[in-house]
Amino acid sequence: MLNPIPWRIATISAVHDETPSVRTYTIALPEWPGHRAGQHVDVRLTAEDGYSVERSYSIASEPERTGEIDLTVERIEGGEVSAFLHDVAVVGDRLEVRGPIGGYFVWEASSPGPLFLVAGGSGVVPLMAMLRHRARAAAGARSTIPTRLLFSSRHLEDVIYRDELDRLAAAGDGLEVVHTLTRSQPPGWTGYSRRIDDRMIAEVLDPLGAGARTFICGPTPLVEVAANALDRLGLPRDRIRTERFGPSGP
Amino acid sequence: MTDRFVTRGFVGRRSDPTSPPGVDSGRSPADRTPPGQYLTRDFPILSAGPTPRTPLDRWSFYLEGLVREPVTWTWDAFTALPAKDWTVDISCVTKWTKLDMRWRGVSIDTLLEAVELDPMAAFAIAHCDGGYTTNLPIGDLVDGQAFVAWEYDGRPLEAEHGGPARLVVPARYFWKSAKWIRGIRFVDRDVPGFWESLGYHNRGDQWLEERYSGD
Amino acid sequence: MEDERATDAQADHVLDGNAVAGMLMAAFGSEMSAIPGQCAHCGTMSMVAELRAYTRAPGAVLRCPTCAGVVLRIVETRDAVLVDARGASYLRFARR
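No experiment lies behind these values; they were computed from the predicted model shown.

1. Details of the overall build of chain B
1) Next: Of the regular secondary structure elements, chain B holds 2 helices and 11 strands.
2) Next: Going residue by residue from the N terminus, the α and β elements of chain B occur as β-β-β-α-β-β-α-β-β-β-β-β-β.
3) Next: On C-alpha atoms alone, chain B measures out to a radius of gyration of 18 Å, which is about the 17 Å that the 2.2 N^0.38 rule sets for 215 residues.
4) Next: Based on the C-alpha atoms only, the size of chain B along its principal axes is roughly 60 × 35 × 35 Å.
5) Next: For chain B, the residues scored as buried account for 35% of the 215 residues in total.
6) Next: Look at the contacts in chain B between residues 6 or more apart in sequence, and 63% of them connect residues 24 or more apart.

2. Observations regarding the overall build of chain A
1) Next: Broken down by element type, chain A carries 5 helices and 11 strands.
2) Next: A compact globule built from 250 residues should have a C-alpha radius of gyration of about 18 Å, and chain A, at 18 Å, falls within 12% of that.
3) Next: Along the longest, intermediate and shortest principal axes, the C-alpha atoms of chain A span 55 × 40 × 30 Å.
4) Next: The buried share of chain A, taken over its 250 residues, is 46%.
5) Next: Long-range pairs, those at least 24 residues apart, make up 74% of the contacts in chain A between residues at least 6 apart in sequence.

3. Focus on the interface of chain B and chain A
1) Next: Tallying the contact residues gives 11 residues for chain B and 14 residues for chain A.
2) Next: Residue composition of the side of chain B that touches chain A, grouped by class: 5 nonpolar, 3 polar and 3 charged.

4. Here we look at the interface of chain C and chain A
In many reports, interface size means the accessible area that the parts give up when they come together.
1) Next: Contacts between chain C and chain A engage 22 residues on the former and 20 residues on the latter.
2) Next: Those elements that provide at least two residues to the side of chain C that touches chain A are helix H1 (9-12), strand S1 (15-16) and helix H2 (21-28) of chain C.
3) Next: Element by element, the count of residues in the side of chain C that touches chain A is highest for H2 of chain C, at 4 residues.

5. Thoughts on the domain arrangement of chain A
All names here are of chain A.
1) Next: Here chain A is partitioned into domain 1 (8-101) and domain 2 (115-244).
2) Next: A straight line from the C-alpha centre of domain 1 to that of domain 2 covers 24 Å.
3) Next: Domain 1 puts 16 residues into the contact, and the matching count from domain 2 is 14 residues.
4) Next: If you list the elements that add at least two residues to the side of domain 1 that touches domain 2, you get strand S1 (8-19) and strand S5 (68-74).
5) Next: Across the side of domain 1 that touches domain 2, the residue classes break down as 6 nonpolar, 6 polar and 4 charged.

6. Regarding the pairing of strand S7 (residues 133-137) of chain B
All names here are of chain B.
1) Next: Bridge count for strand S6 (residues 123-128) against S7 is 5 bridges, and the pairing is antiparallel. The residue of S7 that forms the bridge with His127 is Thr133.
2) Next: With antiparallel pairing between neighbouring strands as the criterion, S6 and S7 make up a hairpin whose turn holds 4 residues, including Gly130 at a positive phi of roughly 90 degrees.

7. What about the nonpolar core?
1) Next: The biggest cluster of nonpolar side chains holds 131 residues, and the ones touching the most others in it are Leu117, Leu127 and Ala226 of chain A, Ala149 of chain B together with Val20, Ala53 and Ala60 of chain C.
2) Next: When residues of this core are assigned to domains, at least three fall in each of domain 1 (8-101) and domain 2 (115-244) of chain A.
3) Next: Those residues in contact with Ala60 of chain C that sit more than four places away from it in its chain are Val20, Met23, Ala53, Tyr54, Thr55 and Ile74 of chain C.

8. Some remarks on the environment of Ala178 of chain B
Residue and element names in this part refer to chain B.
1) Next: Here Ala178 lies in the loop between strand S10 (166-168) and strand S11 (181-187).
2) Next: For the pair Ala178 and His127, spaced 51 residues apart in the sequence, the C-alpha separation amounts to 8.1 Å.
3) Next: Other than its neighbours up to four places away in sequence, Ala178 contacts Ala126, Cys128, Tyr132, Thr134, Arg166 and Leu167.

9. Side note on the sheet that holds strand S8 (residues 88-91) of chain C
Hydrogen bonds along the backbone pair up the strands of a sheet, which may run parallel or antiparallel.
All names here are of chain C.
1) Next: In spatial order, the strands read S3-S2-S8; together these 3 strands make up an open sheet with antiparallel pairing. The sheet is open, and its two edges are formed by strand S3 (45-47) and S8, each paired on a single side. In this sheet, neighbouring strand axes are inclined to one another by 30 degrees on average, regardless of whether the strands run parallel or antiparallel.
2) Next: Bridge count for strand S2 (residues 36-39) against S3 is 3 bridges, and the pairing is antiparallel. Bridge pairing links Gln38 to Met45 in S3.

10. A closer look at the sheet that holds strand S5 (residues 60-63) of chain C
All names here are of chain C.
1) Next: Across the sheet, 5 strands lie side by side as S1-S4-S5-S6-S7; this open sheet has antiparallel pairing. Both outer strands of the open sheet, S1 and strand S7 (81-84), are each paired with one neighbouring strand and no more.
2) Next: Here H2 sits on the sheet and contacts S5, strand S6 (70-76) and S7; the angle it forms with S7, its principal contact strand, is near 100 degrees.

11. Remarks on helix H1 (residues 80-87) of chain A
Residues and elements named next belong to chain A.
1) Next: Residues Val81, Ser82, Phe84 and Leu85 constitute the buried set of H1. All buried residues of H1 fall inside an arc of 160 degrees around its axis, so they share one side.
2) Next: In this structure, the buried side of H1 is in contact with strand S2 (22-28), strand S3 (40-46), strand S4 (52-58) and S5.

12. Re unusual backbone geometry
1) Next: Geometrically, the link from Gly99 of chain A to Pro100 of chain A is a cis peptide bond, its omega value of 5 degrees lying close to zero.
2) Next: Inspection of the secondary structure assignment puts Pro100 of chain A in strand S6 (residues 94-101).
3) Next: Unlike most non-glycine residues, Lys95 of chain B shows phi in positive territory, near 95 degrees.
4) Next: When you line up the elements, Lys95 of chain B lands in the loop between strand S4 (84-91) and strand S5 (96-107).

13. Concerning the confidence of the model for chain B
1) Next: Per-residue pLDDT for chain B has a mean of 93; in total, 93% of the residues score no lower than 70.
2) Next: Overall fold confidence for the complex sits at a pTM of 0.93, while the interface term, ipTM, reaches 0.92.

14. Some remarks on the environment of Lys98 of chain B
Residues and elements named next belong to chain B.
1) Next: Positionally, Lys98 belongs in strand S5.
2) Next: By C-beta crowding, Lys98 is classed as buried, having 20 other C-beta atoms within 10 Å.
3) Next: Residues Lys98 and Gln145, spaced 47 residues apart in sequence, show a C-alpha to C-alpha distance of 18 Å.
4) Next: Sequence-distant contacts of Lys98, that is, excluding residues within four places in its chain, are made with Thr40, Phe43 and Ile90.

Scoring rules and cut-offs
Residues numbered from 1 in each chain as written. Chains lettered and ligands numbered in written order. Predicted model: local features only at pLDDT ≥ 70, side-chain atom pairs only at ≥ 80, totals over all residues. Helix = DSSP H or I, 4+ residues; strand = E, 2+ residues; numbered from the N terminus. Rg over C-alpha atoms; globule rule 2.2 N^0.38 Å. Buried ≥ 20, exposed ≤ 12 C-beta atoms within 10 Å, placed from the backbone. Contact = placed C-beta atoms within 7 Å. Nonpolar A, V, L, I, M, F, W, Y, C, P; charged D, E, K, R; others polar. Domains from an automatic or database assignment. Pairing = 2+ DSSP bridges. Core = buried A, V, L, I, M, F, W, Y, C linked by C-beta atoms within 7 Å. Axes fitted to C-alpha atoms, helices over the stretch in contact; angles between N-to-C directions. Arc of directions from axis to C-beta. pLDDT = per-residue confidence, 0-100.

Right, here's the structure in full:
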């Protein structure tokens with residue numbers, strides 16, 4: 001029987017620092033079948049004596065980019081795989097990867113909008129794949145899907161993809177990015193400065209209306225708060241999709 | 001195992017088996033580490049569900065099944081039983097081993113003094129808040145081999161680690177040391193517990209590396 | 001809303017069925033995250049991805065988001081993946 005999801009050996013072809021604790025790895029994969037925005041891969045590390053660990057990482061790059069994928073990985077204190085990737089792995093190293101995985105937390109630009117994305121920290125990664133895919137689909141198209149990303153980060157310097165999000169939002173194709181900085185804010189900051197709560201969700205969702213399709217990704221507590229808020233606002237459950245990443249990093 | 005791809009430079013977050021000092025100075029840490037295990041200084045929390053939080057005034061512990069008369073203790077009565085301090089090494093089937101864990105509690109031998117076991121009783125099924133179960137032959141629980149602990153490292157056992165009280169069976173993988181235990185049912189025919197019924201070894205002796213059924 | 005946040009540190013470690021999607025795909029041979037199933041304990045319909053996943057254990061335990069009853073249990077042994085689906089009255093695979 002053919003293995004539906006074989007482990008492949010991928011090569012790190014590029015490394016790029018997003019923030020002081022978050023790095024993107026470009027992985028070149030032979031015979032990659034392509035992916036959908038929102039899917040993830042499993043990465044497996046094996047030591048000489050057979051000890052192995054696996055972790056899942058969302059694919060950050062859009063499906064339109066073929067032959068390679070980007071994985072954006074936050075360095076978690078005490079995290080075996082993230083620490084290895086940050087501290088040991090270099091361009092040219094090879095990793096075992098299987099995927100793409102996921103048929104629930106996925107979005108195609110052909111889906112009807114509007115689109116409401118809620119991210120906490122590295123939870124933005126699968127949503128970024130959606131936004132990059134949306135930008136490619138929007139290019140040249142006459143109408144675009146009204147989209148809002150509500151993005152929670154601790155400090156401004158922790159905001160992953162900050163410059164690219166600014167550029168995407170400035171394209172004038174119906175995307176708005178709303179940040180909240182929960183631990184510290186730069187002087188003159190006029191944006192949200194607290195953890196996501198019911199009121200914030202209601203305010204940011206409002207222009208999109210109750211017909212919005214929502215994707216929430218991040219630490220479990222944030223996902224619970226956001227999903228419950230949308231539920232209380234009366235959004236139908238079948239239009240809310242969630243992906244929990246476990247507790248936040250340090 | 002088939003040839004596996006080895007990741008350059010990966011060793012994992014594992015303690016050097018020569019580093020932690022041991023109370024049991026007769027054997028080295030390496031000798032005290034069962035096959036396939038790695039030493040840790042942490043106390044990892046593994047759980048199959050939400051942490052139960054039974055208030056002590058509603059907690060009780062029972063022995064029932066193939067006994068002449070079942071018995072139940074309230075928390076106060078249970079913790080007033082003759083207790084002992086235990087320092088033991090613990091191994092989890094997920095491969096971590098922690099040396100010299102200090103517990104306080106009551107031995108199963110002491111608990112069995114309160115009941116008369118039916119001659120047909122051969123196995124003990126531990127029942128726990130949250131629905132977890134595990135099974136052991138009675139022979140694995142007696143003669144000082146097992147206890148119910150309510151203190152770890154000199155402090156009341158935390159809920160995340162199985163408090164208010166958990167079973168501890170040091171000679172078996174830690175899944176047999178049932179967290180949140182509320183009672184033991186004695187039976188004549190074995191009933192595989194939560195993990196034993198889904199691929200894990202029925203007995204779980206870590207020195208024989210009895211991880212999965214068929215091992 | 002501070003009092004609504006989980007004070008139980010363990011609650012933070014609860015994931016969802018997305019976290020075991022690779023394991024399930026290896027076992028079932030196809031994508032399982034978007035498959036709906038009915039909880040055998042309370043009747044709630046959830047997609048596998050919506051089940052609450054406890055993965056820090058000898059196996060993975062997927063629980064109903066409504067009643068916390070066990071819906072799926074998954075264990076990876078040396079040469080097999082064992083799946084206990086008794087906690088689901090049924091899983092629904094749409095015809096293509």
